[in-house]
Amino acid sequence: MKLHTLEAWSLRDLIRDGSVTSTDIVESFLDQIRARDAEIGAYITVCGEQALEAAKHSDERRREGRTLSDWDGIPAAIKDNISVKGVANTCGSHMLAQYHAPYDAHVVSLLKQAGMPILGKTNMDEFAMGSSTEFSALKTTRNPWDRQKVPGGSSGGSAAAVASHQAPWALGSDTGGSVREPAAFCGLVGIKPTYGRVSRRGLVAFASSLDQIGMLTHSVRDGAALLQLLAGHDELDSTSVRREVPSYESVLGAGASGLRVGLLGGASQQGLQPEIHEALEQAACFLADQGAEIQEHAFPLLDKAIETYYLVATAEASSNLARYDGVRYGLRVEGSDTGEMFRRTRSEGFGPEVKRRIMLGTYALSAGYYEAYYRKAQQVRTMIRDGFLELFEKVDVLLGPTTAASAFGFGEKPDPLQMYLTDIYTVPANLAGLPAIHVPVGLDHGGLPIGLQITASPFAETNALRSAAVLETFARNRGWNR
Amino acid sequence: MIIGLEIHAELSTRSKIFCSCSTAFGGEPNSRCCPVCLGLPGALPLLNETAVEYGILAGLALNCTISVESKFDRKNYFYPDLPKAYQISQYDQPLCRDGWVEFELEQELLHAGVTRVHLEEEAGKSIHSGDNILGSDYSSIDYNRAGIPLIEIVTEPDLRSPAQAKAFLEQLKRTLQYIDVSDCKMEEGSLRCDANISLRPQGGRAFGTKVEIKNLNSFRAVERALDHEVQRQRNVLETGAAVVQDTRAWNEAKGVTVSMRSKEESHDYRYFPEPDLPPLAVNQVWVEELRQSLPEMPLPKRNRIMEQYGLGRYASDFLANSAIWADFFECAAKQYGNYKVLCNWLMGDVSRVLNARQEELPQSRLTPAALVELLRLVDDEIISGSQAKDVLEEVCATGRSSKQVTADLGMEQISDEDELTAMVEEVLAAHPEQAQRCREGEERLVGYFVGQVMKLSRGQANPKRVNALLRQKLQQ
């Protein structure tokens, strides 16, 4: 049996009825990493020994009847901007290539407490800035569906790892679509929870008010399970919300009956790849057939989402990344005084996209420009959020595209602005702090995965998951088979 | 002359403002740090509620309005001792605003407005290998201090002389110590002051060009630096030139201010709201509770002490300078009615002994009861005033009661008539010639014999009684 090809739920069932051990599972994934990753490039660090050690402990616990959770012994991969104690945490940057995190991120503690081995740390665009993982300073990650295509980004390594069966599931981070877009390009389910639903502690900050840890999985039920493990209040993250976590698994079979589904028309939908447009229309029909009420709404303000996003995100990034100055950790390039050391360290340590965004953000916050840029962007952001909240009075979820097209080729978007525009459908959820899920629904003419996005109101992950499960059925009916 | 001050005071919370590391002074360098106060990747701040409480207490003691909602902002600048390259501070919505301080200078009651009081975090400390940053081969940084909570207090430009600035600061320090939110040790850097100063023609309304002076590490430095700066600006203006807006550092050794950076070089801190911390909503019921918990403030206490105990201004100022000394005095005064004597002891010998022992009153073994007991021993003529000083030293050193020390040192005066008579007779018999001269009217020899008796009794004879007995014997 090829254990590494199974979704996490199936592995859980196998391990529970005693037909396989955690060690079998972890070995199967490590074998697959050895076999595939030279070609895919998903991992920056593979934690083989630690994962096997953790699997051994898990097997002992299971023998002694003291498992830590349902998922005890099921491994996971972690994006390389989420701290794992004692393991390199490069953020895909020369700046942190030698930095090892001295503490576990809150989500990593939760995985460890659940008894889950960590397979390794996955590649990403430098400091999560990018939509193709081409901006990783450390290695190239290829799309398992077509090695000439990018895996998406910034969580491209996590997506590629799961899609090439080098991990059953993985954690990513989503600041403007960095979980959902690679999920779309690699044919996976990608979840961005509500801002504040999952602790950010230990996630290296890109844009603090937008960053959210998310999950890349083979199925909606895997995604629901991983979200269930990680959702909840962390008293050490002041932006994490003290609010009860509902059962996500229990809503998956609820169907579409009575669900109010919104579709957003307007100019933004016009550049869609025809197959995605077609899938969207078919999905709406399917939902209606299943008893959902389909409504069409306009939201013209969303045309401003990209500008707003890139002002807020770069402003926060310019501050968040200022700490990489060569003084305490990470790269240091010596200079004749501290000023020169700062300049040389940051000039050599950061890649072009990171520098571009730091400069944009610094400008947006500067005296004399703050009002026109940062303040204005925050005002538009508030309006977008209010607009969504108003919309979610009328609908339970929104159905739309995640990306305008399937995965693009390496070097195909040399113009930064063109790259930024790939985020057009994903950034609104980050600006408004909403939960959003990408669900794969089929392949395009080139054999690349395409899919759709479900967005819900804050903390209504249940609505999003319920709808995503229906879309999954829709996809199966269309012949989608991961 | 227009002066405004910016004061930073470290709050004496046990843990830092955004993490649970200790705030204790000193310690092995970088031993009181964690991912949060080192600004490691992924670390997040968590606001220390006690720091907010202390900030509110300070605001209330300075007669401020406490904001129902305030927020934190990032102040961005690069400096090696600033771990995140931004300081979490408060920009446009400070915790407290619109307060005032009353203080006295040469018995004149003065008033200065407090624009705002806000919370922020302390940076680390650079330690240069040479005498100064430019002459150093390398610098080390100790981040133990990074993240200690600070309040920044900004005054209105209400001060009109260096002496007023100093008097204001002294009153501010006293006030913060009264409410026990900061130890205000300028020598340890837990209280720091920057001053803004400008000159304008007599009777003029518009403010002149403002100069900021940094690095003022003592009250004396504040006064001296301002004195110097006034003179410097006057000299500039008298030549017909204009004062340049800049930031200057006080050089204590040379007694001059030196330009650090001009307006053009001033930082753009690119303040923006701290996304890692939600806005700070302050419960007004809590504020009222804190207001009720405030102790009596220095000036009202001074005035009450003057009135209630009939003490002079100088003595009352001395007592009210510290709530601890005033409390000690008032506690002792409940058991001892001669307030002036009590206060004189505190100002004189008690201060002297504590200074010599390098102790503060709260750490001392001296209690109000022990002091009262000591004063009673003197009043009852069991020991002399000069013996009492020795007893006080011993009480402070050992913590034993005054009575016990007196007994242990064998200091009780001998007042027993028979015992004293025997001693008087013994010395008269031992010096018959002097006794005779004394009987014939050589008055000064009475003192000589008192001395002899004191010597014989090893100082314990009650000198008054001895004197009386001698005269009696010599007349026989």
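Worth saying up front: this structure is predicted, and the values here are computed from it rather than measured. (Residues numbered from 1 in each chain as written. Chains lettered and ligands numbered in written order. Predicted model: local features only at pLDDT ≥ 70, side-chain atom pairs only at ≥ 80, totals over all residues. Heavy atoms only, no water.)

### Description of the sheet that holds strand S15 (residues 272–273) of chain B
Residues and elements named next belong to chain B.
Then, in step 1: Taken together, 3 strands build an open sheet; the order of strands is S5-S4-S15 and the sheet is antiparallel. Where the open sheet ends on each side, the last strands, each with one partner, are strand S5 (86–89) and S15.
Then, in step 2: Here strand S4 (residues 73–76) runs beside S5; their pairing, made up of 4 bridges, is antiparallel. Paired with Lys-75 across the strands is Gln-87, a residue of S5. (Pairing = 2+ DSSP bridges. Helix = DSSP H or I, 4+ residues; strand = E, 2+ residues; numbered from the N terminus.)

### Quick word on the packing of helix H1 (residues 8–16) of chain A against helix H7 (residues 220–230) of chain A
When two helices pack together, their arrangement is given by the angle between their axes and by how far apart the axes lie.
Residues and elements named next belong to chain A.
Then, in step 1: Two numbers describe how H1 lies on H7: the axes approach to 8 Å, and their chain directions differ by 75°. By the angle between their directions, the pair H1 and H7 is classed as roughly perpendicular. For the pair H1 and H7, contact is made by Ala-8, Trp-9 and Ser-10 and by Arg-221, Asp-222 and Ala-225, respectively.
Then, in step 2: Across the contact of H1 with H7, the residue classes break down as 3 nonpolar, 1 polar and 2 charged. (Axes fitted to C-alpha atoms, helices over the stretch in contact; angles between N-to-C directions. Parallel < 35°, antiparallel > 145°, perpendicular 65-115°, else oblique. Contact = heavy atoms within 4.5 Å. Nonpolar A, V, L, I, M, F, W, Y, C, P; charged D, E, K, R; others polar.)

### As for the domain arrangement of chain B
Then, in step 1: On domain assignment, one finds that chain B holds domain 1 (2–190 + 262–289), domain 2 (296–408) and domain 3 (417–475).
Then, in step 2: If you average the C-alpha positions of domain 2 of chain B and of domain 3 of chain B, the two centres end up 35 Å apart. (Domains from an automatic or database assignment.)

### A look at the pairing of strand S2 (residues 76–79) of chain A
All names here are of chain A.
Then, in step 1: Neither face of S2 is exposed, since Ala-76 and Ile-78 on one face and Ala-77 and Lys-79 on the opposite face are all buried.
Then, in step 2: The sheet contact formed by S2 and strand S3 (residues 118–122) spans 4 bridges and is parallel. From the neighbouring strand, Ile-78 faces S3, where its bridge partner is Lys-121.
Then, in step 3: Pairing geometry for S2 and strand S4 (residues 169–173), over 2 bridges, is parallel. Across the sheet, Ile-78 pairs through a bridge with Leu-171, a residue of S4. (Buried < 20%, exposed > 50% of the residue type's maximum accessible area, 1.4 Å probe, protein only.)

### Brief notes about the pattern of salt bridges
Then, in step 1: Within the structure shown, the criterion is met by 52 salt bridges over all chains.
Then, in step 2: Asp-104 of chain A is the salt-bridge partner of Lys-112 of chain A, the closest N and O atoms lying 2.9 Å from each other.
Then, in step 3: Since its relative accessible area comes to 17%, Asp-104 of chain A is described here as buried.
Then, in step 4: Between Arg-437 of chain B and Glu-442 of chain B there is a salt bridge, with its nearest N and O atoms 2.9 Å apart.
Then, in step 5: If you follow the salt bridges from partner to partner, you end up with Glu-296, Lys-301, Arg-304, Asp-327 and Glu-330 of chain B in one network. (Salt bridge = Lys/Arg side-chain N within 4 Å of Asp/Glu carboxyl O.)

### A short note on the nonpolar core
Then, in step 1: Counting residues in hydrophobic clusters, the biggest one holds 98 residues, and the most contacted among them are Ile-82, Val-107, Trp-169, Leu-171, Leu-399 and Leu-465 of chain A.
Then, in step 2: Here this core takes 8 residues from helix H15 (residues 461–477) of chain A, the largest share from any one element.
Then, in step 3: With 64 residues, the next largest nonpolar core counts Ile-7, Tyr-54, Leu-60 and Leu-216 of chain B among its residues. (Core = buried A, V, L, I, M, F, W, Y, C linked by side-chain atoms within 4.5 Å.)

### Remarks on helix H14 (residues 444–456) of chain B
Residues and elements named next belong to chain B.
Then, in step 1: With 13 residues, H14 should reach 18 Å at 1.5 Å per residue; the first-to-last C-alpha distance of 19 Å fits that figure.
Then, in step 2: Of the residues making up H14, those classed as buried are Leu-445, Val-446, Phe-449, Val-450, Gln-452, Val-453 and Met-454.
Then, in step 3: Taken together, the buried residues of H14 touch helix H12 (417–430), helix H13 (432–439) and helix H15 (463–475).
Then, in step 4: Once H14 finishes, Arg-458 follows within two positions and takes phi at roughly 50°, a positive value. (Expected span 1.5 Å × (residues − 1).)

### Here we look at the packing of aromatic side chains
The geometry of an aromatic ring pair is captured by the separation of the ring centres together with the interplanar angle, meaning the angle of the planes.
All names here are of chain A.
Then, in step 1: Tallying each qualifying case throughout the model produces 30 aromatic pairs over all chains.
Then, in step 2: Judged by centre distance (5.6 Å) and plane angle (85°), the ring pair of Trp-9 and Trp-71 falls under edge-to-face. Separated by 62 residues along the polypeptide, Trp-9 in helix H1 and Trp-71 in the loop between helix H3 (48–63) and S2 bring together distant segments of the chain.
Then, in step 3: Here Trp-9 falls in the buried class, since its relative accessible area comes to 9%.
Then, in step 4: Among the residues examined, Trp-71 registers a relative accessible area of 5% and is labelled buried.
Then, in step 5: By way of ring pairs, the aromatic residues Tyr-99, Phe-127, Tyr-324, Tyr-329 and Phe-350 are connected into one cluster.
Then, in step 6: Between the NZ or CZ atom of Arg-12 and the centre of the ring of Trp-9, over which it lies, the distance is 4.4 Å.
Then, in step 7: The aromatic ring of Phe-410 is capped on one face by Arg-142, whose charged end is 5.0 Å from the ring centroid. (Phe/Tyr/Trp six-rings, centres within 6.5 Å; stacked < 30°, edge-to-face > 60°. Lys NZ or Arg CZ within 6 Å of the ring centre and 35° of its normal.)

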